[in-house]
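So the chains spell out like this:
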Amino acid sequence: MVTGAGGQLGQTIRAMVQERCLEGFVFADRKALDLNDVEAVERYVRELCPDYIVNCAAYTRVDRAEDEPDRADEGNHRAVEHLARAARKTGTVVIHLSTDYVFDGKGCVPYTEEDTPAPRSVYGRTKLAGEKALEESGCRYIIVRTSWLYGVYGGNFLKTMLRLTSERRELKVVSDQVGTPTSAEDLAGAILRIIDQGWREKFGGVYHFSDEGVASWYDFAVEIARLSGHGECRIEPCRTSEFPTRAERPAYSVLDKSKIKRTFPIEITHWRDSLERVIEKIK
């Protein structure tokens, strides 16, 4: 069972399932299932009784969350709590997607699963609350934190830069926020590999997954322009202070992937290679 089926990752998983002719997947978007309706969630999960729930549903409007903390909490915390409660009753394993924004970004080496979260935004705090609700629910779970997700479906930084670099001669993009761009295809593939591996109690817990390598948003934008043939657009680096936002972003949010690579047979691609592949698909 895949929740958030209409979102970027949910659509990517659906496409991958169709390409591979996999059976036994049910995709639930907001029209099919309101995750804030406790009774509806329990009824849906009880009737379906899935082996896994892949929770791709989330409130992802990072800046708007500062003005809508209750809505962000409903989408990122309470909804997870409801899924976890239903999953515990059916013995379902929940694979829940979380974020690098649970960290404060003050580090300078890749964050491991053992590092203490300290979110700086409403979005980050509500995502961390969702993680804790899952951990305390008594259900079987795997939490996968990821970063800077982009892909063929939905709105994302890649789509925005493809448009802007085709329309403008000059752009400024922040260079003092560092992380790792992650292809939704690569993340979807990792999730399917985890499911294919089969559940074992020792697999439960928190994992980090992103593509390999490190980049600033500026680096990411420059590579997008180059690979898309929009090199005539001049991209200048700038500081975050030049473009203040409602929510504070982590200055450094590179994730250490050692644990997930050690536990599951997952090969991780460098972000530049994945970006080239996704741009070709969009073309």
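Counting restarts for each chain, with residues numbered from 1 along the sequence as it is written. Note on the predicted model: pLDDT of at least 70 is required for a residue's local features to be given, and 80 or more for side-chain atom pairs to be given and counted; whole-chain, interface and lining totals, by contrast, use all residues. Only hydrogens and water are removed before side-chain values are computed, so all heavy atoms of the structure are retained for them.

Participant: Would you mind going over the overall build of the protein in detail, with residue names and values included?
Facilitator: Along the protein, the regular secondary structure elements total 9 helices and 12 strands. Taken against the 2.2 N^0.38 rule, which gives 19 Å for 283 residues, the C-alpha radius of gyration of the protein at 19 Å falls within 12% of a compact globule. Dimensions of the protein, computed from the C-alpha atoms along their principal axes, are close to 55 × 40 × 35 Å. Three exposure classes are used, based on accessible area relative to the maximum for each residue type with a 1.4 Å probe and protein chains only: buried under 20%, partly exposed in between, and exposed over 50%. Here the protein holds 283 residues, and the buried ones make up 52% of them. The secondary structure listing takes helices from DSSP runs of H or I that are at least 4 residues long and strands from runs of E that are at least 2 residues long, numbered from the N terminus. The reference for a compact globule is 2.2 Å times residues^0.38; the radius of gyration itself is calculated from the C-alpha atoms.

Participant: Please provide a residue-by-residue account of the packing of aromatic side chains, values included.
Facilitator: Any pair of Phe, Tyr and Trp rings, taking the six-membered ring for Trp, is counted once the centres come within 6.5 Å. Such a pair is stacked with planes under 30 degrees apart, edge-to-face with planes over 60 apart, and tilted for the rest. Taken as a whole, this structure holds 12 aromatic pairs when the rule is applied. When the ring centre of Tyr-59 is taken as origin, the NZ or CZ atom of Arg-61, which lies over that ring, is 6.0 Å away. Taking NZ or CZ as reference, Lys-259 lies 4.5 Å from the ring centre of Tyr-207, over its face. Here, a charge over a ring means that NZ of Lys or CZ of Arg falls within 6 Å of the ring centre while also lying within 35 degrees of the ring normal.

Participant: So what's going on with helix H7 (residues 217-228)? Residues and values would help.
Facilitator: If you check H7, its first and last C-alpha atoms are 16 Å apart, about what 12 residues at 1.5 Å a residue would give, namely 16 Å. If you check which residues of H7 are buried, you get Trp-217, Phe-220, Ala-221, Glu-223, Ile-224, Ala-225, Leu-227 and Ser-228. Contacts: residue pairs with any heavy atoms within 4.5 Å of one another. Those residues of H7 that are buried lie in contact with strand S6 (149-150), helix H5 (157-167), strand S7 (170-174), strand S11 (215-216), strand S12 (234-238) and helix H9 (271-282). The positive-phi residue at the C-terminal boundary of H7 is Gly-229, with phi of around 80°. Expected helix span is computed as 1.5 Å times (number of residues minus one).

Participant: How would you explain the sheet that holds strand S2 (residues 27-28) if you had to name every residue and give the values?
Facilitator: Strand pairing follows a simple DSSP-based rule, namely that at least 2 bridges must link the two strands. Across the sheet, which stays open at both edges, the 6 strands sit in the order S2-S1-S3-S4-S5-S10 with parallel pairing between neighbours. Unpaired on one side and paired on the other, S2 and strand S10 (205-208) mark the two borders of the sheet. Pairing of strand S1 (residues 2-3) with S2, which is carried by 2 bridges, proceeds in the parallel orientation. Bridged to Thr-3 within S2 is Ala-28. The strands touched by helix H3 (residues 69-90) are S1, strand S3 (52-55) and strand S4 (93-99); relative to S3, the strand with the most contacts, the crossing angle is about 175°. To obtain each axis, a line is fitted to C-alpha atoms, and for helices this fit is confined to the stretch in contact; angles are then taken between N-to-C directions over 0 to 180 degrees.

Participant: So what's going on with the pattern of salt bridges? Residues and values would help.
Facilitator: When the charged atoms of two side chains with opposite charge come close together, those side chains can pair. One speaks of a salt bridge when a side-chain nitrogen belonging to Lys or Arg is within 4 Å of a carboxyl oxygen belonging to Asp or Glu. A full pass over the atoms with the stated rule returns 20 salt bridges. For Arg-78, the salt bridge goes to Asp-73, with nearest N and O atoms at 3.6 Å. According to the relative accessible area criterion, Arg-78 is partly exposed, its value standing at 35%. Of the charged contacts, one joins Arg-163 and Glu-167 as a salt bridge, the two residues approaching to 3.6 Å between their closest N and O atoms. Of the two residues, Arg-163 and Glu-167 are both situated in helix H5; the distance of 4 residues between them amounts to about one turn of the helix.

Participant: Talk me through the pairing of S3; I want residue IDs and the actual numbers.
Facilitator: Side-chain alternation along S3 places Tyr-52 and Val-54 on one buried face and Ile-53 and Asn-55 on a second face that is also buried. Note that S1 and S3 share 2 bridges and pair parallel. Its bridge partner being in S3, Thr-3 is matched across the sheet by Asn-55. Each parallel crossover has a hand, and the one from S3 via H3 to S4 is right-handed. Whether a crossover is right-handed comes down to one check: with the strands pointing away from the viewer, does the path from the first strand over the helix to the second run clockwise; if it does, it is right-handed.

Participant: Got a sec to walk through the side chain of Asn-76? Specific residues and values, please.
Facilitator: Here Asn-76 lies in helix H3. Reaching out from Asn-76, the side chain makes a polar contact with the backbone nitrogen of Tyr-59 at a distance of 2.7 Å. With residues up to four places along the chain from it excluded, the contact list for Asn-76 reads Ala-58, Tyr-59, Tyr-123, Thr-126, Lys-127 and Gly-130. Contacts described as polar in this section are N or O atom pairs within 3.5 Å, which, within protein, must combine one atom able to donate a hydrogen with one able to accept it, while residues neighboring in sequence count only if both atoms come from side chains.

Participant: Run through the nonpolar core, naming residues and quoting values.
Facilitator: To define a nonpolar core, start from buried Ala, Val, Leu, Ile, Met, Phe, Trp, Tyr and Cys residues and group those joined through side-chain atoms within 4.5 Å. With 30 residues, the main nonpolar core has Ile-13, Val-54 and Ile-142 as its most contacted residues. Within the residue set of this core, elements represented by two or more residues are helix H1 (8-19), S3, S4, strand S5 (140-146) and helix H6 (184-197). Take this core: its biggest share by element is 7 residues, from H6. Other than its neighbours up to four places away in sequence, Ile-13 contacts Val-2, Phe-27, Val-54, Cys-56, Ala-188, Ile-191 and Leu-192.

Note that all results are geometric; they support no functional claim without further evidence.
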